[in-house]
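Residues per chain are reported as follows:
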Amino acid sequence: MSRRMTLTRYTIEQEHQHPEATGDFSALLNAVATSAKIISNRVRLGELASSLGSPVDDGARLNPTGDTPKELDLISNDIVIGETQWGGHLTGILSEELEDVLPIPNAFKRGKYLLAMDPLDGSSNIDVNISVGTIFSILRSPRPGEVATAEDFLQPGTQQVCAGFVLYGPSTMLVLTTGSGVDGFTLNPEVGEFELTHPDMRVPEKTSEFAINASNERFWEEPIKRYVAEMLAGSAGARERDFNMRWIASLVAETYRILTRGGVFLYPTDTKQPGVKGRLRLLYEANPIAFVIEQAGGKASTGRGRMLEVQPTAIHEKVPLIFGSREEVERIEQYHEQTTDEPHYDTSLFNTRSLFRS
């Protein structure tokens, strides 16, 4: 019986299509995959590996974007760095858990790529045993072989060489794109290899699902209130069909659901934190997810324009992110273009269009 294609073979065959390839990229991607295998094992052990969901120093320490890291956040960060910094493929690493860019130490050879990552997305879900994941983005360094700086990472998402995420769920999956479609690999624990199980993943064009954190309704802009109100009105409203609302609070899990059965995810601009444009980190959350979604036929936006065209201004910059089935994202963009100061109708989730309406 023939075996499925492994990630190692996949990356080598991809490089064979480019005569100028040196093998650095496939080696780097396999180092990221090795990190994922180790993190998967730590996540799977749960409480058997101690209280990995507990805040570090009882919440006294904040990461650069203002969140309190869990113990497993920092463990995952160290695992990825430990597996990728010595191979000679990178000039620097950017992580949610590090204040500044980590240059590759002088003891190691420096290569031609940059790695940006969220080592453990959705870590607030660890204690309740809900899926978490790793998000990564690979860029070409503008200065190969040199010590990486923050400015090297300030590239729009269109410049990504590769992006993807690992989902640590009932099975561990690695989903990635190198710019020619999206493929999904499942970790086979019997042989310790990622094997191709979901080739050419595509986001369905139409959907009956949406995901948004409804507790932030009072902070939403009018276009988002309008859109969500229409979804909640269902068959009795302008859309003339019913929709289901989902919210996992795990970006990787939300993305995988949309890749497999469609939907739209909204973490829009709001007024909860004055002066803050959004909640998700551009370089290592929004951009890699947007690249995957676009390559799978979907669309990713700030609500006012294409996510991958946003020019970064800081390494931990936050942005709004709306992505998923193309028709829904385009509708939301149209609502932003049409917005006025006057509400279209009563948009309260818990009023006449209550979530708990019988």
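The following paragraphs examine the structure supplied in this document.

**Concerning the pattern of salt bridges**
Piece 1. For the coordinates displayed, the defined rule picks out 21 salt bridges.
Piece 2. Close ionic contact of Glu221 with Arg304 constitutes a salt bridge, the shortest N to O distance being 3.1 Å. Residue Glu221 is found in the loop between strand 9 (209-211) and helix 5 (222-233), and its partner Arg304 is found in the loop between strand 13 (299-301) and strand 14 (318-319); the two are separated by 83 residues along the sequence.
Piece 3. When its relative accessible area of 22% is taken as the criterion, Glu221 is described as partly exposed.
Piece 4. Judged by relative accessible area, Arg304 falls into the exposed class, the value being 53%.
Piece 5. With a shortest N-O distance of 3.6 Å, Arg326 and Glu330 are connected by a salt bridge. Taken together, the positions of Arg326 and Glu330, both in helix 8 (residues 326-338) and four residues apart, correspond to about one turn of that helix.
Piece 6. Here Glu330 falls in the partly exposed class, since its relative accessible area comes to 29%.
Piece 7. Within the structure, one salt-bridge network assembled from shared partners comprises Glu209, Arg246, Glu254, Arg257 and Arg261.

**Describing unusual backbone geometry**
Piece 1. The phi angle at Asn129 is positive, at roughly 60°, despite the residue not being glycine.
Piece 2. By secondary structure assignment, the location of Asn129 is in the loop between strand 3 (113-121) and strand 4 (132-140).
Piece 3. Looking at Asn129, the relative accessible area reads 73%, which means it is exposed.
Piece 4. The phi torsion at Ala249 lies on the positive side, around 65°, for a residue other than glycine.
Piece 5. Its place among the elements puts Ala249 in the loop between strand 10 (244-246) and helix 6 (251-261).

**Comments concerning the sheet that holds strand 2 (residues 102-103)**
Hydrogen bonds between backbone groups are what pair the strands of a sheet, and the pairing can be parallel or antiparallel.
Piece 1. Taken in spatial order, the eight strands of this open sheet run 2-1-3-4-5-6-7-8, and their pairing is mixed. The open sheet has two edge strands, strand 2 and strand 8 (193-198), and neither has a second partner.
Piece 2. Two strands pair when backbone bridges link them, and strand 3 and strand 4 are joined in this way by seven bridges, in the antiparallel orientation. Among the inter-strand pairings, Leu114 is bridged to a residue of strand 4, identified as Leu139.

**What to know about the side chain of Ser76**
Piece 1. The topology assignment puts Ser76 in helix 3 (residues 71-84).
Piece 2. In contact with Ser76, not counting residues within four places along its chain, are Ile39, Pro119 and Leu120.

**Some points on the sheet that holds strand 9**
Piece 1. Spatial ordering of the open sheet is given by 10-9-11-15-13, a layout of five strands whose pairing is mixed. Edge positions in the sheet fall to strand 10 and strand 13, since each of these pairs with one other strand and no more. Going across the sheet, the axis of each strand differs from the next one's by a mean of 15°, ignoring polarity.
Piece 2. Both strand 9 and strand 10 contribute to a ladder of three bridges, which runs parallel. Its bridge partner being in strand 10, Glu209 is matched across the sheet by Asn244.

**Quick notes on the packing of aromatic side chains**
Piece 1. All told, the structure shown has seven aromatic pairs when counted by the stated rule.
Piece 2. Relative to Tyr267, the ring of Trp247 has its centre 5.7 Å away and its plane inclined at 70°; by these criteria the two rings are edge-to-face. Of this pair, Trp247 sits in the loop between strand 10 and helix 6 while Tyr267 sits in strand 11 (residues 264-267), and the two are 20 residues apart along the sequence.
Piece 3. Tyr267 sits in the buried class, given a relative accessible area of 16%.
Piece 4. With a centroid separation of 5.0 Å and 25° between ring planes, the pair formed by Phe265 and Phe323 is classed as stacked. Residue Phe265 is located in strand 11, and its partner Phe323 is located in strand 15 (residues 321-324); the two are separated by 58 residues in the primary sequence. Considered together, Phe265 and Phe323 belong to a single accessibility category, that of buried residues.
Piece 5. Taken together, the ring pairs in this structure connect Trp247, Phe265, Tyr267 and Phe323 into an aromatic cluster.

Basis of the calculations
Residues numbered from 1 in each chain as written. Predicted model: local features only at pLDDT ≥ 70, side-chain atom pairs only at ≥ 80, totals over all residues. Heavy atoms only, no water. Salt bridge = Lys/Arg side-chain N within 4 Å of Asp/Glu carboxyl O. Helix = DSSP H or I, 4+ residues; strand = E, 2+ residues; numbered from the N terminus. Buried < 20%, exposed > 50% of the residue type's maximum accessible area, 1.4 Å probe, protein only. Pairing = 2+ DSSP bridges. Contact = heavy atoms within 4.5 Å. Axes fitted to C-alpha atoms, helices over the stretch in contact; angles between N-to-C directions. Phe/Tyr/Trp six-rings, centres within 6.5 Å; stacked < 30°, edge-to-face > 60°.

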